[in-house]
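# Survey of secondary and tertiary structure
As a plain string of letters, each chain reads:
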Number of protein chains: 2
Amino acid sequence: MSPRQHLQTTLVRSLNPAHRIPNGSSFNHLRFASSTPSGGFRSQSLTRKTLTVAKWGGYLVFSSVVGFVFVTGAIFVHDAFTYSDAHIDRVPVSPLALNPEKGGPKNLPIANVLVDDSEDEEYQKIASKPKLVVVGGGWGAVSVLQSLHAGDYHVTVISPDTYTTFTPLLPSAAVGTVQPRSLVEPLRKIIARLHGHFLDAKAIDLEMHDKLIEIEANGHRMYLPYDKLVIACGSVSSTHGVPGLENCFQLKTISDARSIRRRIIDNFEAASLPTCEPEERKRLLSFVVCGGGPTGVETAAEIYDLCQEDLLNYYPKLLRQQVSIHVIQSREHILNTYSEAIWKYAEAKFSRDGVNLITNSRVKEVHPDKVLFTQKNPDGSFETLEVPTNFVLWSTGIAMNPFTQRVSNLLPNQVHKKAIEVDAHLRVKGAPIGEVYAIGDCATIETSVLRYLMELVDQCDKNNDGKIDFEEWEDMVTKIKQKMPMTEKHLDKAGCRLGYEIREVFELYDSDKDESLTLNELTVLLQEIGNKITALPATAQVASQQGKYLGQKLSKIARQQERHGEKASILQDEDVAKPFQYLHLGSLAYIGNAAVFDLGKYSFMGGLVAMYAWRSVYWSEQVSMRTRALLMIDWVIRGVWGRDLSRL
Amino acid sequence: MSPRQHLQTTLVRSLNPAHRIPNGSSFNHLRFASSTPSGGFRSQSLTRKTLTVAKWGGYLVFSSVVGFVFVTGAIFVHDAFTYSDAHIDRVPVSPLALNPEKGGPKNLPIANVLVDDSEDEEYQKIASKPKLVVVGGGWGAVSVLQSLHAGDYHVTVISPDTYTTFTPLLPSAAVGTVQPRSLVEPLRKIIARLHGHFLDAKAIDLEMHDKLIEIEANGHRMYLPYDKLVIACGSVSSTHGVPGLENCFQLKTISDARSIRRRIIDNFEAASLPTCEPEERKRLLSFVVCGGGPTGVETAAEIYDLCQEDLLNYYPKLLRQQVSIHVIQSREHILNTYSEAIWKYAEAKFSRDGVNLITNSRVKEVHPDKVLFTQKNPDGSFETLEVPTNFVLWSTGIAMNPFTQRVSNLLPNQVHKKAIEVDAHLRVKGAPIGEVYAIGDCATIETSVLRYLMELVDQCDKNNDGKIDFEEWEDMVTKIKQKMPMTEKHLDKAGCRLGYEIREVFELYDSDKDESLTLNELTVLLQEIGNKITALPATAQVASQQGKYLGQKLSKIARQQERHGEKASILQDEDVAKPFQYLHLGSLAYIGNAAVFDLGKYSFMGGLVAMYAWRSVYWSEQVSMRTRALLMIDWVIRGVWGRDLSRL
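Residues numbered from 1 in each chain as written. Chains lettered and ligands numbered in written order. Predicted model: local features only at pLDDT ≥ 70, side-chain atom pairs only at ≥ 80, totals over all residues. Heavy atoms only, no water.

## Some details on the nonpolar core
Ranked by internal contacts, the top residues of the largest apolar core, which has 87 residues, are I213(B), L229(B), V230(B), I231(B), W473(B) and M476(B). A per-element tally of this core places helix α22 (residues 540-563) of chain B first, with six residues. Discounting chain neighbours no more than four positions away, the residues touching M476(B) are L456(B), V457(B), C460(B), I468(B) and L522(B). Ranked by size, the runner-up nonpolar core spans 85 residues in total, among them I158(A), I439(A), L526(A) and A558(A). (Core = buried A, V, L, I, M, F, W, Y, C linked by side-chain atoms within 4.5 Å. Buried < 20%, exposed > 50% of the residue type's maximum accessible area, 1.4 Å probe, protein only. Helix = DSSP H or I, 4+ residues; strand = E, 2+ residues; numbered from the N terminus. Contact = heavy atoms within 4.5 Å.)

## Quick word on the sheet that holds strand β16 (residues 356-358) of chain B
Residue and element names in this part refer to chain B. Across the sheet, four strands lie side by side as β16-β15-β14-β20; this open sheet has parallel pairing. The sheet terminates laterally at β16 and β20 (391-394), the two strands that pair on one side only. For this sheet, the mean angle separating the axes of adjacent strands, direction not counted, is 15 degrees. Where strand β14 (residues 286-290) meets β20, four bridges bridge the pair, whose relative direction is parallel. Within the sheet, the bridge partner assigned to F287 lies in β20 and is F391. The strands that helix α13 (residues 294-314) touches are β14, β15 (324-328) and β20; relative to β15, the one it contacts most, it runs at about 175 degrees. (Pairing = 2+ DSSP bridges. Axes fitted to C-alpha atoms, helices over the stretch in contact; angles between N-to-C directions.)

## Examining the UniProt feature "domain: EF-hand" (unreviewed entry) in chain A
Residues and elements named next belong to chain A. UniProt marks residues 448-483 and 501-532 with the feature "domain: EF-hand" (unreviewed entry), using the numbering shown here. Annotation note: span residues 448-483, helix share 61%, strand share 6%, distance between end C-alpha atoms 11 Å. Helix makes up 72% of residues 501-532 and strand 6%, whereas the separation of the span's terminal C-alpha atoms amounts to 17 Å. (UniProt positions renumbered as here; feature names shortened; annotations may be inferred.)

## Details of the pairing of strand β19 (residues 382-388) of chain A
Residues and elements named next belong to chain A. Where strand β18 (residues 370-376) meets β19, seven bridges bridge the pair, whose relative direction is antiparallel. Its bridge partner lying in β19, T374 is registered against T384. What sits between β18 and β19 in their antiparallel hairpin is a turn of five residues, with G380 showing a positive phi close to 90 degrees.

## Describing the sheet that holds strand β20 (residues 391-394) of chain A
Residues and elements named next belong to chain A. Here we have four strands laid out as an open sheet, ordered β16-β15-β14-β20, and parallel in their pairing. Edge strands, defined here as strands with exactly one partner in the open sheet, are β16 (356-358) and β20. Shown here is a sheet whose adjacent strand axes are inclined to one another by a mean of 15 degrees, direction ignored. Most of the contacts of helix α13 (residues 294-314) go to strand β15 (residues 324-328), to which it runs at about 175 degrees, and overall it touches β14 (286-290), β15 and β20.

## Notes on the pattern of salt bridges
All names here are of chain A. This model, assessed by the stated rule, comprises 55 salt bridges over all chains. Between E280 and R283 there is a salt bridge, and its shortest N-O distance comes to 3.2 Å. Pair noted here: E280 and R283 are both in helix α12 (residues 278-284), with a separation of three residues, about one helical turn. The class for E280 is partly exposed, based on a relative accessible area of 26%. On the basis of relative accessible area, R283 is assigned to the buried category, the value being 16%. Residue K344 pairs with E340 through a salt bridge whose shortest N-O separation is 2.8 Å. Taken together, the positions of K344 and E340, both in helix α15 (residues 340-353) and four residues apart, correspond to about one turn of that helix. The network of salt bridges with shared partners includes K106, D205, E214, E216, R221 and R406. (Salt bridge = Lys/Arg side-chain N within 4 Å of Asp/Glu carboxyl O.)

## Quick notes on the pairing of β14(A)
Residue and element names in this part refer to chain A. Among the five residues that make up β14, five are buried, leaving the element largely enclosed by the rest of the structure. Side-chain alternation along β14 places S286, V288 and C290 on one buried face and F287 and V289 on a second face that is also buried. Relative to β15, β14 runs parallel, the two sharing five bridges. Paired with C290 across the two strands is I328, which belongs to β15.

## Focus: the confidence of the model for chain A
Averaged over every residue, the pLDDT of chain A is 78; residues scoring 70 or more account for 74%. Predicted confidence is poor over residues 1-88 of chain A, with pLDDT under 50, and the contacts of this stretch with residues over four places away or in other chains come to 141 contacts. (pLDDT = per-residue confidence, 0-100.)

## Comments concerning helix α8 (residues 139-147) of chain A
Counted residue by residue, α8(A) has eight buried out of nine residues, so it is predominantly covered. Listed in full, the buried residues belonging to α8(A) are W139(A), G140(A), A141(A), V142(A), S143(A), V144(A), L145(A) and S147(A).

## Comments concerning the environment of V236(A)
All names here are of chain A. Here V236 lies in strand β13 (residues 236-237). A residue is classified by how much of its surface remains accessible, and V236, at 32% relative accessible area, is partly exposed. Residues V236 and D461 lie 225 residues apart in sequence; the distance between their C-alpha atoms is 45 Å.

## Some points on the packing of aromatic side chains
Within the structure shown, the criterion is met by 16 aromatic pairs over all chains. Pairing F268(B) with F287(B) gives two aromatic rings, centres 6.3 Å apart and planes at 20 degrees, and the pair type is stacked. Residue F268(B) is located in helix α11 (residues 254-271), and its partner F287(B) is located in strand β14; the two are separated by 19 residues in the primary sequence. Given a relative accessible area of 0%, F287(B) falls into the buried group. Taken together, F249(A), F268(A), F287(A), Y315(A) and F391(A) form an aromatic cluster joined through their ring pairs. Over the face of the ring belonging to F470(A) we find R503(A), whose NZ or CZ atom lies 4.6 Å from the ring centre. (Phe/Tyr/Trp six-rings, centres within 6.5 Å; stacked < 30°, edge-to-face > 60°. Lys NZ or Arg CZ within 6 Å of the ring centre and 35° of its normal.)

Laid out in C-alpha cells, this is it:
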C-alpha cells in the first residue's frame, strides 16, 4: 500500500469523525497475509499538501479541483461507508400479494395487495388509505408525487420507464453537452417519501365502472384497483400523415438522445474516410430538423455548437466546411409561439451561423437518404424540393398515445384529437366525477364556455326575466371566471379587472342596446370568448403546474374526507380547491450559445449572460439534488474538457 | 433575469479576469427587446454568501460542494467561453485523399493520403514520415500512442470503437457504481498529440508482401499502406464449445456493461410485480457468473453490493431474501491465478455473504431460463446439475477474433490457438522482420527455447567441439536471457544471478558428468526450461507495458533511421532495444467492498482501507485527467446518493 493510498483513506476517515466502523467488520478484515512491514505506514505524517505536490506533480491545479470535490464530498459520505453484513429479516408478505385473485370484466388478476404492502409499519398504515394510481413518470406525474402529503393515499405509479427525465435538456444530451445520466432520477426514489409503490408496466385499458385500470407488465396483464386515477402519460409525436418517419429520430427520451449522438458521430466518422465520395460526404454532414419549435431549434443550435466548438478540433477541417444544418418549418417563422422579438433574434442568429431556415414548407416524404418538402412560394405556388441527408429529427407536435386514445374512445363526449379533454379542475370529461384526472401533454383543458350557458343563466338570472342585465352580468362574469380561469383575460378585455372593462364587453355584445343580454346575445358572446381561448401549450411548465395543483388538491380531499368520515360520499373538487390556473413564468429557448426568454410582457435575449442565466433556471427546475449537482458538474466538465465525443 | 442568474454569470466572469470576450460577439448580442428595467441588475451587489443563504436555503451545505466544483472549475473554463463565430477557412485537401487510386491484390482503393494530411503545417511535416498503423483502441494501442514521440511517424489508428475503455472498472459500471461515461476517452483526443489519424474501421485482411492492411469502413473496403503495423485488437470470449452462449452477457465493452445493468434492473422490476409466480421470482433474482477469474468475481461482488446496499432501499424487502448469486468455476478455487491467501480470503468473504461458489464444475449448456453444469464429485464421478436464472455472465477466457485468426492463418509457423505468437521483441513470428508487431490480449510471447538450439550452439561453441562446457554455458545463458527474458528465473533456478546457481542447472542436466553438455543434454535442458515458462496473462497490465515498450522502441528506431539516413536499409529491433521484459506490479481484485492485492512476494487484503487503496490505484492508471476526475466524482456521488438505479 503506497503512502498516497493510505493517506487518501485516512483522510476520508479523519474528515469524518462521526464515521461508524461498520459492524466492526471491515476493519477486522484488514490483515496482512505475509511479511509486509505494516507497522510503518501508520506513523507516516505526510501533510495533504506535501502529498499533492510530491505525487501529483504537474496536476497541482487540477487536483485542487478534484480535491475540493473529494474533500467536501467526503463530509457527506457518512453512511455510505457503513457497509452492512446485516442478516436478512424475514418479511411477512400477504398471500394475496403473491397470488392475486382474478376478477373484473376480463377475469384478470386484480392486484389488490402489493408485494411491499405489509413490509413495515409505514406501509401497513397506508395500506387502508384510498388508492391513488398515477399513470406515467414525466413532469406531471412527478409533480403530483412531490406535492402529495405522505400518508394520505396508497400511491402506485405505473410507468414503462423506471426513471423520470429532465426533458428540456434532451437536446443538450443529444450532443454530449450534458451526460444522459444527469437528466434522470429513478421514480422509486421519488416515491419512497410517500411509501408508495412502483410498477414497471404499461397502461392498456380502463374499466371506469369497476375502478380498475388494466396494465401489462413483463408480458402479463392484470388489473390495478384505484379510487383516484391520474393520467399523466404524455404524448407521442404527431406524424401529420408523412410517410417514411421510420427514417427519423425523435427526441422524447434519453435513448433517443443517445441514438442521435451516435448517429452524429457516425456521420462524422464516415465523412472522414478517404473512400467517401464528395457527394456522399455532403449528405453525411447534412443535418435536417423538421419543426421550428423549441426542441427543433435547440437541437439545431446544439448541433451547430458541437460542430463549431468541439468536433472541429478532432476531425478533418474539410468536414467543417461541408456541415450544413437545415430547419424545415411549416409557418413563416421559427419559434412562432414566442414573441416577435425572439423569433427575430433566433432567425438572425441562425442566418449569421449559416443555418439554413426553410420556412413556409411542409415535409412531404422522408427517405433514408433525403427529405422531400413542399415549399410555398411568395406568389402562392407550391414547389417540391429535396435535401440529401443522413440525419432527420422529427419534432413537429404531439399526438395521443394508445392508452390516451383508448380512454378518449371510451368516453363519447371526448372529441379532441390530440389529447383527453378535462374540465378546469383537471377531471376527465365524461368520467365519473372526482375519480379520473388527466394532466400534462396528454390532457387539454376545455375551452368551450357555451356549454355552460343554461346553467349560468339559471344561476344568474335572479329576476327570471330570461335576460341578463348588467348587475346580473357582473355576477355571471365572476361565475365564469371561477369555472374557467382561462376566460379571464377575455372577459376583462385588457386583462384588467375594473368594472369599466366588464361594462365594455357587456355593451359590445348588447347589440340591441336594451341594457340587457338576451340568450342569443349571450350565445354569441360566450362562443366568441371560447374561440379566443388558446389551449395551454404541451410544455413541461404546464404539466408541472398542473401536477402540483392536483397533488395538493388530492391531499386536501383525502384529509377532509378523513376528518368528516365521509369516505363513502364523495367530496367535490369544488369544495376544496379553485379550478386550475396556469401562471406563465416565461418560455426560454437556447439558440447557439445564447438563450432567448419570453416572459410574457417582457422578453430579452443575450449571448453568454443569457446562456448562463438559462442554465441556472434549468438547474433550479431539477427534480433532485443529485441530478442538480450532476448537471453542474457536467457544465464544468464541458467547460474544461469540451463536449464528450465518444459514440456510446 | 433574476438576481441569482445574473450573479452566477458575473461570478464566472469576475473569477476569470483573463477571460476574453469572444470576438466581441456574445456580449454584443445582449440586448433587451422591450422595456425590462435593464439598468437595475448591474448595480446589485449581493455577495455570494447572501445569495446562497437567501436562495438555496436548506441546501447550504450541499451548495458548498457544488459551489467548490463550480468556482474552482470556473478557473479552468477560460477558453471554453471563447465561442467563435469564426469564418471557415478554406482548407486545401489533396485530390488523392478524396479519390484514392486503386491497386493491391484485390484492386481496392489505397488510402495513401488521408483527408487531413495537408491540413496544417504539423500534418504536412508528418505526411512524409514512415507510416505506422495501429489496429485497435484498447490498453495496448493507447499505450503505444502515449509513449510515441510526436512527429516520428505518420500514425493511423483503426478501430471500430471511437473511444478507449478503462476495462478494469467495467464490473463497477455494470451495476452503476461508476458511470460508463467516466470510463471512456475518445481515441481522437489521444491521437491529437501525434497529429495522427483515426479511421472508424475494422481490419479484415493483411497483404504483408505489399505492406497493405485491408480494412472495412462504413461498408467500403480499402487498403491502408504501412511501414510498421501494430496489431493490438484484443480478443473475443472463448466459447469452450458450450451451446447457448447467445443467452449470456459478456463484459468486454461499455455497451455490455449497460446491457447487464438494464437486465439486473429489469429482473428486479419483474420480480416486484404481484403477478410474478414464486418460482419465477426466484429465477429472476438468480444471477449466474460463469468463470471464477477477476472479471467474474468482481462482477459477482458488485451485484452482491448493489443488492445489499442500494436496491434494498427501493425494492420490496421480499426480493432481498430471494436474491441468489452463483459463481461456476472449473478449477478447485476461484481467482486461482492469485496467491493462496487471496483466493482463501475471497472464498471466505463469498461464503459469509452467501454467494454460492460452484467449483470443479464446467458449464454444459446455457438455456434462456437456466444453466446446466457438470460437477465433479470428490469420488471422481460427474453429475449434471442446473440453476434456474435470468442472468448469465460468461467470462471464461479469451480466443482469437476474426482478424487475428486471419493473420495467424497467413503465417504457416503460427500454431498457437488463442493468440498470435510473437518473439521477445513483440514481432509477429513469420512476418517480415521489423514490420508487424502484436501486443496485448491478441499476442503471446513464444516460450520455446529449443528452436534456437542450433543458433545458440553455433554462437557459443567456441572450441567447436560440438559440446558446451561450463564457460561456454555461462555465455549461452547470457544469450538465452537476452533473447528471451522470460527464461531468466528458470536458468538461475532461484531467480538469483550468482554463478553458483548457473552451475547447479549445468550440473543437473550434465547427466554423464563429463563437465560439458552434449546436444542431447542441451535439448532436454532447453525443452524443460521452455515448458516451465508460463505465458503472460491476458491483462491490462501486460498490454499496457507492452504498448509502452513498443512505442518507445518505435520512436527510437525512427530517430536512428533518420539520423543515419538509413531509410532504405531496415534497422533491427535488437540494435536499439532489449527484448520486452514484463514487470509484474501486482494483481488486484475487488470482492464485496474489499480489495485483494497480490504483489508477487507480498499479498494482502482488507475491507474499507483496501477498497480505497484499490480505487486510488485505479485512478492513477487512468488515461486522461478528464476520466480521472469523472471517476473521482462518481465515487463521491455514489457515496452521497448511492448507486444509480435508473435502467438506461
